[in-house]
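Spelled out from the first residue to the last, the chains are:
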Amino acid sequence: MKVFIDGKYFDEWNAKVSVFDHGLLYGDGVFEGIRAYNGRVFKLKEHIDRLFYSAKAILLNLPLSHAEFMRATVETCRRNKLRDGYIRLVVTRGVGTLGLNPSRCKSPSVIIIAGKIQLYPKEMYLRGMEIVTVPTTRNLHSALNPAIKSLNYLNNILAKIEANNAGCEEAIMLNAEGFVAECTGDNLFIVKAGKVLTPPLSAGALYGITRGTVMDLAREAGHEVAEPNLTRYDLFNADECFLSGTGAEIIPVTKIDGRVIGDGKPGLVTRKLENQYHALTNGSGEPI
Ligand code: PMP
């Protein structure tokens, strides 16, 4: 595997960053997780757009232009002969001193890894997954805005550990007010009486690119789509539930906190959206 670091390609064993990089020392940086399907990078423009928004929010001056990020991502796939896979694009604050001050960091570092990902076992896509609500709440907007896709993922990791401790692969994170925000690495949807519902960004959801795509597909299929505040009660009494994310794609949820969702099987609307999503991913995106 060839890894892109600051304009050069390194073999996997030699792809290294400094121990003084603030990305490592403080989680100071931003990232994107992107997928390639059938020789095309899916929603690349949207991912680079979001990278710029995250960088702006943390006052990180990106060292490449939007077009240069697009080109470098596609080129990294090309060099790795990647046609289907997962791309991790990371920008760190760069090498600095042993102190928080980001202005002591010389220049941001850009890392692009083109590899593979399998987030959840195949079986769960077939039968649906069981998830739980965990005690760790999603970050406050006023502390670390969940819209920023930063390298500081401890909030999500703590929730993931709590889910794993409960024997589950994924966690529902509530916000400080008790409304559903999202999962640790995925957005959450429910279907109720034909309506497709997902928490609003103001509840602490990431502006998920898969979330946006699913909302478009649902509207095209004639469903009403809305973003109300949701409570656990709404989830328990939903007809269907599923998660969305670049890595996870669309995965049905059939049990939440011990409550069976709908008839306990992946729902028809979920299956339809999954099929539409896969059809879309297969045929669109930036050619590699
Ligand atoms: N929420 C969180 C916390 C995430 O990290 C992600 C991405 N893995 C998502 C939601 C899904 O976003 P996207 O569809 O853009 O991958």
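Relevant structure appears above.
Below is a short write-up of the structure. Here the structure is a predicted model, which means the values were calculated and not measured. (Residues numbered from 1 in each chain as written. Predicted model: local features only at pLDDT ≥ 70, side-chain atom pairs only at ≥ 80, totals over all residues. Heavy atoms only, no water.)

### A closer look at the packing of helix H6 (residues 209–220) against helix H8 (residues 268–283)
Interhelical geometry of H6 versus H8 gives an angle of 115° and a closest axis separation of 10 Å. With respect to H8, the element H6 is oriented roughly perpendicular. Crossing handedness for the pair H6 and H8: right-handed. Contacts from Thr 210, Thr 213, Val 214, Leu 217 and Ala 218 in H6 reach Leu 273, Gln 276, Tyr 277 and Leu 280 in H8. Partitioning the contact of H6 with H8 into residue classes produces six nonpolar, three polar and no charged. (Axes fitted to C-alpha atoms, helices over the stretch in contact; angles between N-to-C directions. Helix = DSSP H or I, 4+ residues; strand = E, 2+ residues; numbered from the N terminus. Parallel < 35°, antiparallel > 145°, perpendicular 65-115°, else oblique. Left-handed = near helix turned anticlockwise from the far one by under 90°. Contact = heavy atoms within 4.5 Å. Nonpolar A, V, L, I, M, F, W, Y, C, P; charged D, E, K, R; others polar.)

### Quick notes on the site of the ligand
Not every one of the 17 residues close to the ligand is listed here, only the nearest: Tyr 153, Glu 182, Ile 209, Thr 210 and Thr 246. The side chain of Glu 182 places a nitrogen or oxygen atom 2.7 Å from a nitrogen atom of the ligand. Elements with a minimum of two residues in the shell around the ligand: H6 and strand E13 (240–245). Looking at the shell around the ligand residue by residue, the classes come out as three nonpolar, nine polar and five charged. (Near = heavy atom within 4 Å. Polar contact = N/O pair within 3.5 Å; in protein donor to acceptor, adjacent residues only side chain to side chain.)

### Considering a nonpolar patch on the surface
Residues Val 19, Phe 20, Leu 24, Leu 25, Tyr 26, Val 95, Leu 98 and Leu 100 make up a contiguous nonpolar surface patch of about 770 Å² in total accessible area. Here Phe 20 lies in the loop between strand E2 (8–11) and helix H1 (22–26). Overall, Phe 20 belongs to the partly exposed group, its relative accessible area being 39%. (Patch = residues over 30% accessible without salt bridge, like charges linked within 9 Å, V, L, I, M, F, W, Y side chains within 5 Å. Areas by Shrake-Rupley, 256 points an atom, 1.4 Å probe, with all protein chains shown as cover. Salt bridge = Lys/Arg side-chain N within 4 Å of Asp/Glu carboxyl O. Buried < 20%, exposed > 50% of the residue type's maximum accessible area, 1.4 Å probe, protein only.)

### Focus: the packing of aromatic side chains
Within the structure shown, the criterion is met by six aromatic pairs. When the ring of Tyr 37 is compared with that of Phe 42, the centres are 6.0 Å apart and the planes differ by 85°; the resulting orientation is edge-to-face. For the pair Tyr 37 and Phe 42, one class covers both residues: buried. Both rings, one in Phe 52 and one in Phe 69, keep their centres 5.9 Å apart while their planes meet at 90°; by these two values the pair is edge-to-face. Here Phe 69 lies in helix H3 (residues 66–79) and Phe 52 lies in helix H2 (residues 44–57), a separation of 17 residues in the sequence. For Phe 69, a relative accessible area of 0% gives the class buried. Within the aromatic cluster, the residues linked to one another by ring pairs are Tyr 37, Phe 42 and Tyr 277. A cation over a ring is seen here: Arg 259 above Phe 236, with NZ or CZ 4.0 Å from the ring centre. (Phe/Tyr/Trp six-rings, centres within 6.5 Å; stacked < 30°, edge-to-face > 60°. Lys NZ or Arg CZ within 6 Å of the ring centre and 35° of its normal.)

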